[in-house]
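# Examining the three-dimensional arrangement
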Amino acid sequence: DAKSADFVTQVAEARVKHGEFGCKDLMSVLIGVNDVIDLYENVYLANPTPSTANAVTSELSARGTRLGQEIAALTANNGPNFIVSTIPRINQTPYGRQQAALRPDLNVSNVLSQFSDAFNTALRTSIPNDGSRWGLVELDAIVNAAINNPEGYGLKNVRNVVCAVDLPFCDNVAADLVTNGNPDTWLWASDRWIGWQPHSRLGSF
């Protein structure tokens, strides 16, 4: 349930447990999905107008920028290195498709794409692009490619949720999967999180 504002607290808690981080340490960051969903549900849907959409877009850009600046600051003075992932476009998740189906009068798919892109773009552009202290992994591009070319990614289902129980408790094939669900060939574990196969691909990237 973490949002981008929780990043600094998470790092502080890690420091307490492990001590100061240095240039031989590597952190991975994937955060922001909950920011998009929170602002969509609690701000945009409360008043679904173009003006509200623009305000949410601006707020998500600010959050992405702030997160990027916080990451960049941590890399200074022999600080840790980072692998930073973008978030998937929420309109492409089962959650996003369900929201679009529930609200056909609203342009939900485009709005969620706009919100996701705003966060990702701000995050990318707020970290110095010199390749020395951080690496970027574009999860949004990976998911998009998998949806457009499932067979090329070894996938057979890129729309439905494979887990019948809440994460992170989906770990028993016999009891935890939907009927005929196959975690080896399904893209989505839950309505907003990718399954183990795309996670493995994310790790490889």
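The following refers to the structure shown. Every value quoted in this text rests on a predicted model; they were computed, and no experiment measured them.

Attention shifts here to the pattern of salt bridges. One pass over the full model with this rule turns up 7 salt bridges. Measuring nitrogen to oxygen at the nearest pair gives 2.8 Å for the salt bridge that ties Glu 59 to Arg 63. Of this pair, Glu 59 and Arg 63 both sit in helix α3 (residues 50–75), separated by 4 residues, roughly a single helical turn. Classification of Arg 63 by relative accessible area gives buried; the value is 14%. Residue Arg 124 is joined to Asp 140 by a salt bridge in which the shortest nitrogen-to-oxygen separation is 3.1 Å.

For the rest of this paragraph, the subject is the packing of α3 against helix α5 (residues 108–125). At their nearest, the axes of α3 and α5 sit 7 Å apart, and the two run at 30° to each other. Put simply, α3 runs roughly parallel to α5. In this structure, α3 crosses over α5, and the sense of that crossing is right-handed. When α3 is examined against α5, the residues Ala 53, Asn 54, Val 56, Thr 57, Leu 60, Ser 61, Arg 63, Gly 64, Thr 65, Leu 67, Gly 68 and Ile 71 are found in contact with a partner set consisting of Gln 114, Phe 115, Ala 118, Phe 119, Ala 122 and Leu 123. Grouping the constituent residues of the contact of α3 with α5 by class yields 10 nonpolar, 7 polar and 1 charged.

Here the focus is the state of the cysteines. Tallied over the entire structure, the rule returns 1 disulfide. The disulfide that involves Cys 163 links it to Cys 170, with 2.2 Å between the sulfurs. Note on the Cys 163 and Cys 170 pair: the S-S dihedral is about -90°, so by sign convention the disulfide is left-handed.

In this model, Leu 167 is joined to Pro 168 through a cis peptide bond whose omega is 10°. Relative to the assigned elements, Pro 168 resides in the loop between β4 (157–161) and α7 (173–176). A positive phi angle is found at Asn 78, which is not glycine, with a value near 60°. You can see Asn 78 is positioned in the loop between α3 and β2 (81–85). Judged by relative accessible area, which is 54%, Asn 78 ranks as exposed. Phi is positive for Asn 180, which is not a glycine, with a value near 65°.

As a further point, take the sheet that holds strand β3 (residues 134–137). The strand order across the open sheet built from 3 strands is β1-β2-β3, with neighbouring strands paired in parallel fashion. Across the chains shown, the open sheet's two edge strands, defined by having one partner strand only, are β1 (26–29) and β3. On average, adjacent strands in this sheet sit at an angle of 15° to one another, irrespective of strand direction.

Glancing now at the environment of Val 178. Mapping Val 178 onto the fold places it in the loop between α7 and β5 (186–188). The exposure class of Val 178 is partly exposed, given its relative accessible area of 27%. Remark: the alpha-carbon pair of Val 178 and Leu 60, spanning 118 residues in sequence, is separated by 34 Å. If near-sequence neighbours (up to four positions away) are discounted, Val 178 is found in contact with Val 161, Val 162, Cys 163, Ala 164 and Trp 186.

Quick notes on the rules
- Residues numbered from 1 in each chain as written.
- Predicted model: local features only at pLDDT ≥ 70, side-chain atom pairs only at ≥ 80, totals over all residues.
- Heavy atoms only, no water.
- Salt bridge = Lys/Arg side-chain N within 4 Å of Asp/Glu carboxyl O.
- Helix = DSSP H or I, 4+ residues; strand = E, 2+ residues; numbered from the N terminus.
- Buried < 20%, exposed > 50% of the residue type's maximum accessible area, 1.4 Å probe, protein only.
- Axes fitted to C-alpha atoms, helices over the stretch in contact; angles between N-to-C directions.
- Parallel < 35°, antiparallel > 145°, perpendicular 65-115°, else oblique.
- Left-handed = near helix turned anticlockwise from the far one by under 90°.
- Contact = heavy atoms within 4.5 Å.
- Nonpolar A, V, L, I, M, F, W, Y, C, P; charged D, E, K, R; others polar.
- Disulfide = S-S within 2.5 Å.
- Pairing = 2+ DSSP bridges.

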